[in-house]
Amino acid sequence: MKATVATSVFAVFMALTLALGLLAVRARRGGRRERGLAEWSVGGRSLGTVFIWVLMAGESYTSFSYLGAAGWGYRFGAPVLYVIAYMSCGYALGYVVGPMLWAYARRHGLVGITDIVAHRYGRPWLGTAVALFATVCLLPYIQLQITGMGVVVSTISYGAISLHWAYFLGFALTTTFVVVSGLRGSAWVSVLKDVLVIATLGFLAVYVPLHYFDGYGAFLDRMVAEKPQWLTFPGHESGGLGQGWFLSTTVVNSLTVVIFPTTVAGYLGARSADTLRRNAVYLPAYNVLLFVPVALGMAALFVVPGLTGAQSDLALFTLVTDSLPAWAVGVIGVAAALSSIVPMAVFMLVIGTMWGRSVFGARSGGRTGKGPEAPVDGPAGQRQKRWSQLVVVAAGTLALLLTYFAPQTLVRLSLISYEGMAQLVPMLLLGLVWRRLTWQAAVAGAAAGITLVCTAVFSGHDPLCGVNAGLLALALNVAVALTVTRFGPRERDERPDGEVLAVEDEFPRTGEQDRERGDAVGATESVS
């Protein structure tokens, strides 16, 4: 009976999720479906404050919030707080970086980081190379969300739904959802997800300490008395995740998150630069909720001691299924499942966009030399969108198959995902503000950084001397890029600064200026 009730609640909300995705498509311009790549991949560059806020909050609240954060709290304790630190610092950096990337992409009709890199350096093949590398870094996150949703569905069904069927359910639902609705649908569903996340985590933050410990005072007193090592660095048996690791990881991850392809998709979907600035101010407050699964993971130490390995990731859900009625378990499961679906959808969409635009779009002859990019609307945009949708299905299928048959392949790749993506920071951000950075220097720096990251991680030397290897690799990356810029080959680029760099006049200072620029760009796109 419990399984029937919980899965029925889950099924109702999943049907509502698909309905929201379809409504998001139909609602655009009175029900007329937009066919271009820009509408599908970046929501027609028209998402307002609320949609951008909930969409970008999806970077904070994934299945990791309900599983990994609680699991880290259960196993290690204090080191897990790096998530809150780097996300908050990343939002602060996004106050500057977000509007810069938004304005540059809007001005030149670009839809992702591969587009931006190809345009900045005038090398379409470089966009293709970045797309291939970014795909390797993003695929593990798709597998992580498939696995997370599978665990959630199997758990809330009290084992009635097997993990394998739960994995397939997550893949099928998300793939259908993202192919049909694109970024706009993800934004609409994010509203439902965030309402449930705030409600369920807020409830659990009050309920669990009262139910098991008679309040926070007794719980915290017990933590201090019995588990003090969980409250200080380097935590409990964390393998040396001390203060140096915490600070260096916060720095490198906060730099990486602002150029992460899924974050940039959120930037480029915004209606205005002011929308992004407002979100950069509001979003850190949302991170307060991340303390809840961390604290509840620590609370589970006293309720369900002895969880090891992957079992510790179920610390929070063990408390939920142990003490709450089936309907409440179903609602909390829906919140956790949507926390997998929304980010997974954006990961799939970004991979599809990169390939449809920078791999197949470049090969089809739409983008050659240093000339203008093929438009993201009209016949060319429709072709790129179809390619992108096919790649979404292919990427999701590959992640699902690897989840079934070779899960450790993507797990190992996930070790370098964030630190590897960090090596694109100089190529992207430094390149947009410093014209002298050549493509040779950018590529050489990225290659050096990626090599160091892979060497350190796969040899078991991360952290290196107590410091995140990604930060050391980023320092090497910048040093190599500057050296090659100074002593390496130089090619004259005849394009003006306004075509190459994110120049100052691209940053609208007021909402009215944003609207005027948006109207002008919209009129240009309509003509094309």
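See above for the structure.
Residues numbered from 1 in each chain as written. Predicted model: local features only at pLDDT ≥ 70, side-chain atom pairs only at ≥ 80, totals over all residues. Heavy atoms only, no water.

Undergrad: Lay out the overall build of the protein chain in plain terms, naming residues and giving numbers.
TA: A tally of helices and strands in the protein chain yields 24 helices and zero strands. Put simply, the protein chain has 528 residues, and 58% of those count as buried. Within the structure as shown, the protein chain displays about 20,200 Å² of accessible surface, and the carbon and sulfur contribution to it stands at 66%. (Helix = DSSP H or I, 4+ residues; strand = E, 2+ residues; numbered from the N terminus. Buried < 20%, exposed > 50% of the residue type's maximum accessible area, 1.4 Å probe, protein only. Areas by Shrake-Rupley, 256 points an atom, 1.4 Å probe, with all protein chains shown as cover.)

Undergrad: Before we move on, could you go through the side chain of threonine 263 and cite the residues and values that matter?
TA: Mapped onto the elements, threonine 263 comes out in helix α12 (residues 261-268). Within the structure, threonine 263 has its side chain in polar contact with the backbone oxygen of valine 257 (distance 2.8 Å). (Polar contact = N/O pair within 3.5 Å; in protein donor to acceptor, adjacent residues only side chain to side chain.)

Undergrad: A description of the side chain of threonine 256 should follow, citing residues and the corresponding values.
TA: Tracing the backbone shows threonine 256 in helix α11 (residues 243-257). Look past the residues within four positions of threonine 256 in its chain and what remains in contact with it is Tyr418, Met421, Ala422 and Val425. (Contact = heavy atoms within 4.5 Å.)

Undergrad: I'd like a description of the packing of helix α7 (residues 113-121) against helix α8 (residues 124-156), backed by residues and values.
TA: At a minimum axis distance of 7 Å, the contact between α7 and α8 shows a crossing angle of 150°. In this view, α7 runs roughly antiparallel relative to α8, as classed from their interaxial angle. Judged by the twist between their axes, the crossing of α7 over α8 is right-handed. Residues Ile113, Thr114, Val117, Ala118 and Tyr121 of α7 pack against Pro124, Leu126, Gly127, Val130 and Ala131 of α8. Split by residue class, the contact of α7 with α8 holds eight nonpolar, two polar and no charged. (Axes fitted to C-alpha atoms, helices over the stretch in contact; angles between N-to-C directions. Parallel < 35°, antiparallel > 145°, perpendicular 65-115°, else oblique. Left-handed = near helix turned anticlockwise from the far one by under 90°. Nonpolar A, V, L, I, M, F, W, Y, C, P; charged D, E, K, R; others polar.)

Undergrad: Quick rundown of unusual backbone geometry? Include the residues and the values.
TA: Of the consecutive residues phenylalanine 233 and proline 234, the connecting peptide bond is found in the cis state with omega at 5°. Note that proline 234 resides in the loop between α10 (216-226) and α11. Residue cysteine 465 is not a glycine yet carries a positive backbone phi of 55°. The class for cysteine 465 is exposed, based on a relative accessible area of 80%.

Undergrad: Residues and numbers for the packing of α10 against helix α14 (residues 291-303), please.
TA: Viewed as axis vectors pointing N to C, α10 and α14 meet at an angle of 70°, and their least axial separation amounts to 11 Å. Classified by the interaxial angle, the pair formed by α10 and α14 is roughly perpendicular. The handedness of the crossing between α10 and α14 is left-handed. Taking contact as the criterion, the partners of Phe219, Arg222, Met223 and Glu226 in α10 are, on α14, Ala295, Met298, Ala299 and Phe302.

Undergrad: Kindly report on the pattern of salt bridges, identifying the contributing residues and their values.
TA: Scanning all chains against the criterion turns up ten salt bridges. With a shortest N-O distance of 2.9 Å, glutamate 39 and arginine 184 are connected by a salt bridge. Taken together, the residues glutamate 39 in helix α2 (residues 37-42) and arginine 184 in helix α9 (residues 163-213) connect sequence positions 145 residues apart. Glutamate 39 sits in the buried class, given a relative accessible area of 12%. You can call arginine 184 buried: its relative accessible area is 9%. One salt bridge connects aspartate 274 with arginine 277, and the closest N-O pair in it is separated by 2.8 Å. One end of the pair, aspartate 274, and the other, arginine 277, are both in helix α13 (residues 273-286), three residues apart, so they sit about a helical turn from each other. A single burial state applies to aspartate 274 and to arginine 277, both of which are buried. (Salt bridge = Lys/Arg side-chain N within 4 Å of Asp/Glu carboxyl O.)

Undergrad: If you had to explain α7 to someone new, which residues and values would you point to?
TA: Within α7, nine of the nine residues are buried, leaving the element largely enclosed by the surrounding structure. All of the buried residues along α7 are Ile113, Thr114, Asp115, Ile116, Val117, Ala118, His119, Arg120 and Tyr121. With its phi angle positive at about 65°, glycine 122 sits one or two positions after the end of α7.

Undergrad: So what's going on with the packing of aromatic side chains? Which residues, and what values?
TA: Under the criterion given, the structure shown has 25 aromatic pairs. For the pair tyrosine 86 and tyrosine 418, a centre-to-centre distance of 5.7 Å together with 65° between the ring planes defines the contact as edge-to-face. In this pair, tyrosine 86 sits in helix α6 (residues 82-108) while tyrosine 418 sits in helix α19 (residues 417-421), placing the two residues 332 residues apart along the sequence. Tyrosine 418 matches tyrosine 86 in its accessibility class, with the two residues each being buried. Measuring from centroid to centroid gives 5.2 Å for tryptophan 125 and tryptophan 439, while their planes differ by 85°, and the two rings are edge-to-face. Residue tryptophan 125 is located in helix α8, and its partner tryptophan 439 is located in helix α21 (residues 439-458); the two are separated by 314 residues in the primary sequence. In this structure an aromatic cluster arises from ring pairing among Trp72, Phe76, Tyr82, Tyr86, Tyr141, Trp245, Phe260, Phe347 and Tyr418. (Phe/Tyr/Trp six-rings, centres within 6.5 Å; stacked < 30°, edge-to-face > 60°.)

Undergrad: Describe in detail the nonpolar core, supporting the description with residues and values.
TA: Soluble globular proteins: nonpolar side chains tend toward being buried together. Counting 152 residues, the largest nonpolar core has Met14, Tyr66, Leu101, Ile142, Met421, Met427 and Leu429 as the members making the most contacts within it. When residues in this core are grouped by element, the largest group, 21 residues, is from helix α16 (residues 326-363). (Core = buried A, V, L, I, M, F, W, Y, C linked by side-chain atoms within 4.5 Å.)

Undergrad: I'd like to hear about helix α22 (residues 469-487), residue by residue, with values.
TA: Compared with the 27 Å implied by 1.5 Å per residue over 19 residues, the 27 Å span of α22 between its first and last C-alpha is a close match. Looking at α22, one finds that the buried residues are Ala469, Gly470, Ala473, Leu474, Asn477, Ala481 and Thr485. One side of α22 holds all its buried residues, which, seen down the axis, span an arc of 135°. Check the buried side of α22 and you find it contacts α11, α19, α20 (425-433) and α21. (Expected span 1.5 Å × (residues − 1). Arc of directions from axis to C-beta.)

Undergrad: A description of the environment of threonine 135 should follow, citing residues and the corresponding values.
TA: Summarising the element assignment, threonine 135 is placed in helix α8. Of the residues examined, threonine 135 reaches a relative accessible area of 9% and is grouped as buried. Between the C-alpha atom of threonine 135 and that of phenylalanine 347, which follows or precedes it by 212 residues, the distance is 9.3 Å. Beyond its immediate chain neighbours, meaning those up to four positions away, threonine 135 contacts Ile351, Met354 and Trp355.

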